[in-house]
Number of protein chains: 2
Amino acid sequence: MIGDADDRPDLGAMLVRLARSLLVVEKPILEAHDISMWGYAVLTALRDEPMRTQTALARSIGADKTRIIAILDELQRRELIDRDPDPADRRVRLLRLTASGRAVQSEAQAAIRAAEATLLDQLPPPDRQAFLQALVTLDNAAA
Amino acid sequence: MIGDADDRPDLGAMLVRLARSLLVVEKPILEAHDISMWGYAVLTALRDEPMRTQTALARSIGADKTRIIAILDELQRRELIDRDPDPADRRVRLLRLTASGRAVQSEAQAAIRAAEATLLDQLPPPDRQAFLQALVTLDNAAA
DNA sequence: TATTGTTATACTCTATAACTATA
DNA sequence: TATAGTTATAGAGTATAACAATA
């Protein structure tokens, strides 16, 4: 284990702390754009591709299908998403962003990324790139 | 922003997902050692140094002072910690690990570290070191 | 009066199960 | 019968405020 730098906090402890501090920073940003954390997660998931069922959307953002219903109600009411029954199978709801929803997601994400940059600026640029790359790798592996 | 690799999930999203998946992996490990997540956090904080007040301990692990009371009750009942009134100021409780508490923390941490290694093994060793180093830097900065 | 620890309460988040409507 | 969506309920986790003991 020589050189393994084991004299550090547990990985889980550091990740939980960092995740929590990021959520604290991002909360007021999302509030400024008048959306919730889950609302933002939904908009971001739908930006990449429309979804054919609410269950699939829920799973893609790591939520329960019952948990996103109130979120979808709100997003639909504000006309940020379309949510239409599929004519081919009237049980399912076709979900996609409206132009307005796409704009809100884009603006919120820009603000989020700027806040992230403030944190990441504490790493020298090469370390920063390596960190993000490793994070993406682990994120894909964990999924 | 050339070369900034912005085509990735938000930093917060990745950190939350990774933190959650680590908690899922670690939960059965801690259960096998018959301690809770917060119990483990308390034992680990006290391993590094005894604490003079419960409030200080709570803050050091990012918890509320009211939230650790049941945890301390349990740890004390099982004789994993000592929790004695300070003769110099009878309001405060002096907190430190017992020999037994130190052993439980040590065994649990070894198991936790082994589980972490399984995840980290998905990174090439040099990337792994860089990732951990960056994480420690950000963790210190965020505190 | 200020502080430590404690208790009580309420609030948020989440998980589970039961219901409807379609297939 | 099986599935998508919905609703209702209960549970866990958390935050806030009030209280007792001590300084």
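Remember, predicted model here, so these are calculated numbers, not experimental data.

Colleague: What am I meant to see in the protein's contact with DNA strand C here?
Modeller: Looking at DNA strand C, there are 17 residues lining it, with Arg67 and Arg91 of chain A together with Gln54, Thr55 and Arg91 of chain B nearest. The contact atoms of DNA strand C, taken as those within 4 Å of the protein, divide so that sugar and phosphate hold 66%. Within the side chain of Arg67 of chain A, a nitrogen or oxygen atom sits 2.3 Å from a phosphate oxygen of DNA strand C. Of all the secondary structure elements, the ones that give two or more residues to the surface near DNA strand C are strand S2 (89-97) of chain A together with helix H3 (54-60) and strand S2 (89-97) of chain B. Tallied by class, residues from the surface near DNA strand C come to 3 nonpolar, 5 polar and 9 charged.

Colleague: Help me understand the interface of chain B and chain A, please; the structure alone is not making it clear to me.
Modeller: Often, the extent of an interface is quoted as the loss of accessible area on bringing the components together. Between chain B and chain A, the contact holds 42 residues from the first and 42 residues from the second. Carbon and sulfur atoms make up 66% of the surface buried where chain B meets chain A, a total of about 4,100 Å² over both sides. At the boundary of chain B and chain A, one finds 6 salt bridges. Between Arg17 of chain B and Asp139 of chain A there is a salt bridge, with the nearest N and O atoms lying 2.9 Å from each other. Counting every contact that joins chain B to chain A gives 14 residue pairs in polar contact (both at pLDDT 80 or more). Here the side of chain B that touches chain A takes 13 residues from helix H1 (residues 11-32) of chain B, the largest share from any one element.

Colleague: How should I be thinking about the relation of the copies chain B and chain A in this particular structure?
Modeller: One chain copy maps onto the other through a rotation about an axis and a shift parallel to that axis. Take chain B, turn it by 180 degrees, move it 0.0 Å along the axis, and it overlays chain A with an RMSD of 0.1 Å. Between the two chains, the operation in question is that of a two-fold axis. Relative to the rotation axis, the closest C-alpha in chain B is found at Phe131 of chain B, a distance of 2.6 Å. When you check the interface residues of chain B against chain A, 100% turn up at the interface there too, and the contact is symmetric in its surfaces.

Colleague: Before we go on, may I ask you to explain the nonpolar core in this structure?
Modeller: Soluble globular proteins tend to pack their nonpolar side chains together in the buried interior. Counting 28 residues, the largest nonpolar core has Leu11 and Phe131 of chain A together with Leu11 and Phe131 of chain B as its most contacted members. For this core, the secondary-structure elements that each account for two or more residues are helix H1 (11-32), helix H5 (99-120) and helix H6 (125-142) of chain A together with H1, helix H5 (99-120) and helix H6 (125-142) of chain B. Leaving out residues up to four positions away in the same chain, Phe131 of chain B has contacts with Leu11, Phe131, Ala134, Leu135 and Leu138 of chain A together with Leu120 and Leu123 of chain B.

Colleague: Explain H5 of chain B here, please?
Modeller: Residues that lie three or four places apart on an α-helix share one face, since the helix turns once every 3.6 residues. Here H5 of chain B is 22 residues long and its end C-alpha atoms lie 31 Å apart, about the 32 Å a rise of 1.5 Å per residue gives. Three or more residues of H5 of chain B are buried, namely Gly101, Val104, Gln105, Ala108, Gln109, Ile112, Arg113, Ala115, Glu116, Leu119 and Leu120 of chain B. Down the axis of H5 of chain B, the smallest arc covering the buried residues is 165 degrees, so these residues share one side. Looking at H5 of chain B, the residues exposed on the side facing more than 90 degrees away from the buried face are Ala99 and Thr118 of chain B. Where H5 of chain B is buried, its residues contact H1 and H6 of chain A together with H1, helix H2 (37-48), S2 and H6 of chain B.

Colleague: Teacher, can you tell me more about the pairing of S2 of chain A here?
Modeller: Note on strand geometry: in a regular strand, side chains alternate between the two faces of the sheet. Residue and element names in this part refer to chain A. One ladder, built from 6 bridges, connects strand S1 (residues 81-86) with S2; its direction is antiparallel. Bridge assignment links Asp84 to a residue of S2, and that residue is Leu94. Hairpin geometry of S1 and S2 is characterised by an intervening segment of 2 residues between the two adjacent antiparallel strands.

Basis of the calculations
- Residues numbered from 1 in each chain as written.
- Chains lettered and ligands numbered in written order.
- Predicted model: local features only at pLDDT ≥ 70, side-chain atom pairs only at ≥ 80, totals over all residues.
- Heavy atoms only, no water.
- Near = heavy atom within 4 Å.
- Polar contact = N/O pair within 3.5 Å; in protein donor to acceptor, adjacent residues only side chain to side chain.
- Helix = DSSP H or I, 4+ residues; strand = E, 2+ residues; numbered from the N terminus.
- Nonpolar A, V, L, I, M, F, W, Y, C, P; charged D, E, K, R; others polar.
- Contact = heavy atoms within 4.5 Å.
- Buried area = accessible area lost by both parts, 1.4 Å probe.
- Salt bridge = Lys/Arg side-chain N within 4 Å of Asp/Glu carboxyl O.
- Least-squares fit on C-alpha atoms with pLDDT ≥ 70 in both.
- Core = buried A, V, L, I, M, F, W, Y, C linked by side-chain atoms within 4.5 Å.
- Buried < 20%, exposed > 50% of the residue type's maximum accessible area, 1.4 Å probe, protein only.
- Expected span 1.5 Å × (residues − 1).
- Arc of directions from axis to C-beta.
- Pairing = 2+ DSSP bridges.

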